[in-house]
Amino acid sequence: MNWRNTIGGGDLLAAPVSAFLAGWPSAGLVSVAEIDPALADTAAFCEFYGVPPEASANCVVVTGKRAGEVKYAACMVLATDRADVNGAVRRLLDVRKASFAPMAEAVELTGMEYGGITPIGLPADWPVLVSGEVAAAGPVVIGSGLRRSKLRLDGALLGTLPGAEVVPELSQR
């Protein structure tokens, strides 16, 4: 993969991602690379591009409801793990039940492609829950908002996004 700085990488970024990075002081620490969109799903991507799953992080959009109020959050977990949706996420969102947001809903609300959703550029009122494993992983590959590219940044940087919180107990193996 040919990694380049995200500044000027607008053609490889979803519009909300590009807009966010344009004003984020840490944007210079984020790289982008074009990939085959047919290989955007984590397992296929890692195998074809030789990226270890522990150096790849997934963004899972979760929703829950309490007293008629719908809440959303983005959860960042390593590709080797899964988010503890009905434990840690449910408690953090303060909802009765949490579940994965339906694909069409996640795509519409984020302005990103399914399989490429990233915490960078999400709606400002969404919490970004970053697993302790992601924050400690060093460089990780994540979505760019599009299926035809990926971003690379230090996992700890995700904990500095607006609304982000590093949650040690977010992941399950």
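Residues numbered from 1 in each chain as written. Predicted model: local features only at pLDDT ≥ 70, side-chain atom pairs only at ≥ 80, totals over all residues. Heavy atoms only, no water.

How should the overall build of the protein chain be read in this particular structure?
For the protein chain, the count of helices and strands is six helices and eleven strands. Taking 16 Å as the expected radius of gyration for a compact globule of 173 residues, we find that the protein chain reaches 15 Å, a close match to that expectation. Expressed as lengths along the three principal axes of its C-alpha atoms, the size of the protein chain is roughly 45 × 30 × 30 Å. Residue burial in the protein chain is summarised as follows: out of 173 residues, 49% are buried. Counting contacts in the protein chain only where the partners sit at least 6 residues apart, residues at least 24 apart contribute 67% of the total. Carbon and sulfur atoms form 53% of the exposed surface of the protein chain, whose accessible area is close to 8,000 Å². The distance from the centre of the 14 positive side-chain charges to the centre of the 18 negative ones in the protein chain is 6 Å. (Helix = DSSP H or I, 4+ residues; strand = E, 2+ residues; numbered from the N terminus. Rg over C-alpha atoms; globule rule 2.2 N^0.38 Å. Buried < 20%, exposed > 50% of the residue type's maximum accessible area, 1.4 Å probe, protein only. Contact = heavy atoms within 4.5 Å. Areas by Shrake-Rupley, 256 points an atom, 1.4 Å probe, with all protein chains shown as cover. Lys, Arg positive; Asp, Glu negative; His and termini not counted. Charge placed at Lys NZ, Arg CZ, Asp CG, Glu CD.)

What exactly am I supposed to notice about the side chain of Asp84 here?
Among the structural elements, Asp84 can be located in the loop between strand E5 (82-83) and helix H3 (85-93). Here Asp84 sits buried without a salt bridge, and the closest side chain of opposite charge, Arg91, lies 4.6 Å off (N-O distance). At 3.4 Å, the side chain of Asp84 and the side chain of Gln172 are in polar contact. Among residues more than four places away in sequence, those in contact with Asp84 are Val89, Glu169, Leu170 and Gln172. (Salt bridge = Lys/Arg side-chain N within 4 Å of Asp/Glu carboxyl O. Polar contact = N/O pair within 3.5 Å; in protein donor to acceptor, adjacent residues only side chain to side chain.)

Got a minute to help me understand the nonpolar core in this structure?
In summary, soluble globular proteins display a tendency toward joint burial of nonpolar side chains. Ranked by size, the top nonpolar core spans 35 residues in total, and within it Val17, Leu21, Ile120, Ile142, Leu151 and Leu158 carry the most contacts. Those elements giving two or more residues to this core turn out to be helix H1 (15-23), strand E3 (57-66), strand E4 (69-78), strand E7 (128-131), helix H5 (132-135), strand E8 (139-143), strand E9 (149-154) and helix H6 (155-158). Looking at which element gives the most residues to this core, the answer is E4, with four residues. (Core = buried A, V, L, I, M, F, W, Y, C linked by side-chain atoms within 4.5 Å.)

How do you make sense of the pattern of salt bridges when you look at a structure like this?
Two side chains of opposite charge can pair, provided their charged atoms sit close to one another. Enumeration over the complete set of coordinates arrives at four salt bridges. For the salt bridge of Arg148 with Glu34, the shortest nitrogen-to-oxygen distance reads 3.6 Å. Placement of the pair is Arg148 in the loop between E8 and E9 and Glu34 in strand E2 (residues 31-34), with a sequence separation of 114 residues. In this structure Arg148 comes out as partly exposed when scored by relative accessible area, which is 30%.

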